[in-house]
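Given next are the chains, with one letter for each unit.
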Amino acid sequence: MKVLVTGAGGFLGVHVVDRLLAHGHTDIRCFLRDSAKASRLIALSEKYPDSQLELCYGNLKSKADCARAVADSSVIIHLAAGLKGAPAELFADSVVVSRNLLEAVEARADIPVEKTRVVLVSSFGVYGVVPLGRGARIDENTPLEDHPELRDPYSHSKLWQEQLFWEHRNKAGFELVVLRPGAIYGPGGGAFSSRVGLQVGPVLAHLGGSNLLPLSYVVNCAEAIVIAADYPDSSGQVYNVHDDELPTASQYLRAYKKQVKRIRTVRLPYFMTRLLARFLEAYNRRSLGQLPAILTRYKVAAMWGGNTFSNAKLHALGWHPLVSTNEGMAQTFEYLRQQEIKP
C-alpha cells in the first residue's frame with residue numbers, strides 16, 4: 001500500500017513520514033516543492049533502509065503534478081497548505097491546490113476512489129467559538145465558524161479547504177479522515193503562537209494571559225495523524241489534536257524568557273484588549289479603511305476567549321503523547337536558544 005504525503009519536506013511533514021516508517025509503512029511517496037528540503041527525508045531513508053521512500057517534486061497548483069502525485073496511492077495525507085501571506089495567496093495554496101488534488105484522485109483509474117483514504121490536516125481555526133461565550137469547552141462537536149470573514153485569513157482558508165474536502169467526499173465516496181491540530185510547535189517551528197500574543201515592533205503584546213494553549217508537539221501531532229490514518233473505523237471522523245498537559249499562555253511566556261532570552265512584553269488583560277479592538281474598529285471606519293483593524297472584538301473573542309479543550313476522542317484511538325509537554329517545551333526552547341546565539 002503506497003502512502004502519499006503532501007508537504008513532506010515541511011515542519012510537520014518530515015515527522016509524519018518518520019512516524020509512518022516507525023509504524024511499519026514501507027512504501028511512501030514524499031511530495032515536495034523544494035529540493036532543498038529533501039535532506040531530512042533522505043536521512044530517513046538511510047535510517048530505514050528496507051523502506052521505499054520516493055521523493056516526488058512538483059507544485060500542486062499544476063494539475064499534471066497532482067495526477068503524478070496521487071498515482072497508485074491508496075492513502076493520501078494532505079499537509080500542504082498556505083500558512084501566511086495575502087488572503088489570495090493563502091486561498092491559492094490551501095483551497096485551489098486542494099481542489100486540484102481531489103480532482104486528480106477522482107479522475108485516476110488505477111485505484112477505485114471508494115478504496116482511497118484521504119487524510120486532511122485542518123485546524124482549530126475552523127471552530128466557531130465566539131457565540132459559545134467565555135470559557136467554552138472545545139471538542140469535535142463544537143460548531144464550525146459561521147462568519148469566517150470576521151476571522152483571520154488563515155482560519156478562513158482552512159475552513160473553506162475542509163468544507164471542500166467534505167463536499168468531494170460526499171460526491172465521490174472516498175474515505176475521509178480530518179484532524180484539527182491546535183498550535184503545533186517544536187524545534188524548527190516558531191517561538192510564539194498568536195494565542196500567546198502579537199509582535200508589535202520590538203514588543204510582544206501579551207494577550208493570552210491565563211488562557212490555555214492547545215499545544216501539539218510536532219512529534220505528537222505526527223503520531224496522531226498516522227494513528228488516525230491507520231485506524232480502520234476512522235473514516236468520516238474528525239479528531240482534535242493537542243497534548244495532555246497544556247500550559248497557559250503566561251506559563252509558556254515565562255518559560256521562554258527563562259530558557260531562551262528576555263524579551264520586552266506588555267500584558268493586556270482581556271477587557272483592555274476588547275477596548276483596544278473597539279477603538280481600532282472605530283478608527284478603521286472613520287479612516288474609511290485606510291488603517292486596517294488589526295484587532296476586532298470578534299477576533300479577540302475567537303482567539304483569547306479562555307476556551308478549554310478535549311482530546312478524548314483521539315485518545316480513544318489508542319494515541320498518547322510520545323513527548324511530554326515539559327520535554328517538548330525544553331527541546332523547543334533549546335533549539336530557539338541555539339538559534340539566538342548563532343553568529
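Scroll up to find the structure.
Report follows, based on the coordinates.

Criteria and cut-off values
- Residues numbered from 1 in each chain as written.
- Predicted model: local features only at pLDDT ≥ 70, side-chain atom pairs only at ≥ 80, totals over all residues.
- Heavy atoms only, no water.
- Helix = DSSP H or I, 4+ residues; strand = E, 2+ residues; numbered from the N terminus.
- Rg over C-alpha atoms; globule rule 2.2 N^0.38 Å.
- Contact = heavy atoms within 4.5 Å.
- Areas by Shrake-Rupley, 256 points an atom, 1.4 Å probe, with all protein chains shown as cover.
- Lys, Arg positive; Asp, Glu negative; His and termini not counted.
- Charge placed at Lys NZ, Arg CZ, Asp CG, Glu CD.
- Pairing = 2+ DSSP bridges.
- Axes fitted to C-alpha atoms, helices over the stretch in contact; angles between N-to-C directions.
- 1 Å grid on protein atoms, 1.4 Å probe; cavity = no way out; pocket = protein on both sides within 12 Å on 5 of 7 lines; lining within 4 Å.
- Points joined across faces, edges and corners; volume = space filled by probe spheres on them.
- Patch = residues over 30% accessible without salt bridge, like charges linked within 9 Å, V, L, I, M, F, W, Y side chains within 5 Å.
- Salt bridge = Lys/Arg side-chain N within 4 Å of Asp/Glu carboxyl O.
- Buried < 20%, exposed > 50% of the residue type's maximum accessible area, 1.4 Å probe, protein only.
- Phe/Tyr/Trp six-rings, centres within 6.5 Å; stacked < 30°, edge-to-face > 60°.
- Lys NZ or Arg CZ within 6 Å of the ring centre and 35° of its normal.
- Nonpolar A, V, L, I, M, F, W, Y, C, P; charged D, E, K, R; others polar.

Considerations on the overall build of the protein
Then, in step 1: Across its full length, the protein holds eleven helices and 14 strands.
Then, in step 2: Rg of the C-alpha trace for the protein: 20 Å, near the compact-globule value of 20 Å for 343 residues, within the 12% margin.
Then, in step 3: Pairs at least 24 residues apart make up 79% of the contacts formed inside the protein by residues separated by at least 6 positions.
Then, in step 4: Surface accessibility of the protein: about 15,600 Å² in total, with carbon and sulfur atoms responsible for 53%.
Then, in step 5: Side-chain charges of the protein comprise 39 positive and 33 negative groups, with the mean position of each set lying 10 Å from the other.

Quick word on the sheet that holds strand 13 (residues 264-267)
Then, in step 1: Spatially, three strands are ordered 9-10-13 in an open sheet, and the strand pairing comes out mixed. One side of each edge strand has no neighbouring strand; the edge strands of this open sheet are strand 9 (197-200) and strand 13. Here the strands of the sheet are splayed against their neighbours by 25° on average, with no regard to which way each runs.
Then, in step 2: Pairing of strand 10 (residues 203-206) with strand 13 involves four bridges; the strand directions are parallel. Each residue of the ladder has a partner; that of L204, found in strand 13, is T265.

Some words on the layout of surface pockets
Then, in step 1: Roughly 150 Å³ of volume is contained in the second largest pocket.
Then, in step 2: Broken down by secondary-structure element, the contributors of at least two residues to the lining of the second largest pocket are strand 9 and helix 8 (270-286).

Observations concerning a nonpolar patch on the surface
Then, in step 1: Together, L276, F279, Y283 and L291 make up an exposed nonpolar region whose accessible area comes to about 360 Å².
Then, in step 2: Exposure remark for L291: the relative accessible area of 34% places this residue in the partly exposed category.

Digging into the sheet that holds strand 12 (residues 238-241)
Then, in step 1: With parallel pairing, seven strands are arranged side by side in an open sheet as 3-2-1-4-5-7-12. Looking at which strands have only one partner, the edges of the open sheet turn out to be strand 3 (52-57) and strand 12. If you compare each strand with its neighbour and ignore which way they point, the axes differ by 15° on average.
Then, in step 2: Sheet topology note: the strand 4 (residues 75-78)/strand 5 (residues 117-121) ladder contains four bridges and is parallel. Considered in strand 5, the bridge of H78 is made with L120.

Thoughts on the pattern of salt bridges
Then, in step 1: Evaluation of the coordinates by the stated rule reveals 17 salt bridges.
Then, in step 2: Its salt-bridge partner being K61, residue D93 comes within 3.3 Å of it at the nearest N-O pair. Of this pair, D93 sits in helix 4 (residues 87-107) while K61 sits in the loop between strand 3 and helix 3 (63-70), and the two are 32 residues apart along the sequence.
Then, in step 3: On the basis of relative accessibility, which here comes to 14%, the residue D93 falls in the buried class.
Then, in step 4: Put simply, E103 and K63 hold a salt bridge, and the shortest N to O gap is 3.8 Å. Within this pair, whereas E103 is found in helix 4, its partner K63 is found in helix 3, the two being separated by 40 residues in sequence.
Then, in step 5: Of the residues examined, K63 reaches a relative accessible area of 56% and is grouped as exposed.

Let's talk about the packing of aromatic side chains
Then, in step 1: Scanning the model with the defined rule gives nine aromatic pairs in all.
Then, in step 2: For the pair F192 and Y256, a centre-to-centre distance of 4.5 Å together with 55° between the ring planes defines the contact as tilted. With F192 in the loop between strand 8 (183-185) and strand 9 and Y256 in helix 7 (residues 249-259), this pair connects stretches of sequence that are 64 residues apart.
Then, in step 3: Among the residues examined, F192 registers a relative accessible area of 25% and is labelled partly exposed.
Then, in step 4: Seen from their ring centres, Y252 and F333 are 5.2 Å apart, and the 65° between their planes marks the pair as edge-to-face. Taken together, the residues Y252 in helix 7 and F333 in helix 11 (residues 325-341) connect sequence positions 81 residues apart. We note that Y252, like F333, is buried.
Then, in step 5: An aromatic cluster is built from F192, Y252, Y256 and F333, whose rings are joined through pairwise contacts.
Then, in step 6: The ring of Y270 has R134 sitting right over it, with the charged end atom 3.8 Å from the ring centre.

What to know about empty space enclosed by the protein
Any empty space left between atoms is shown by rolling a water-sized probe over those atoms.
Then, in step 1: Considering all chains together, one arrives at two cavities of 30 Å³ or more under this definition.
Then, in step 2: What the largest cavity holds in volume is close to 70 Å³.
Then, in step 3: What lines the largest cavity is F124, G125, Y127, V129, I138, R151, R195, A302, N307 and F309.
Then, in step 4: Here the second largest cavity defines a volume of roughly 60 Å³.
Then, in step 5: What lines the second largest cavity is simply R195, N211, L212, L213, M303, W304, G305, G306, N307 and F309.
Then, in step 6: Looking at the lining of the second largest cavity, its residues break down into five nonpolar, four polar and one charged.

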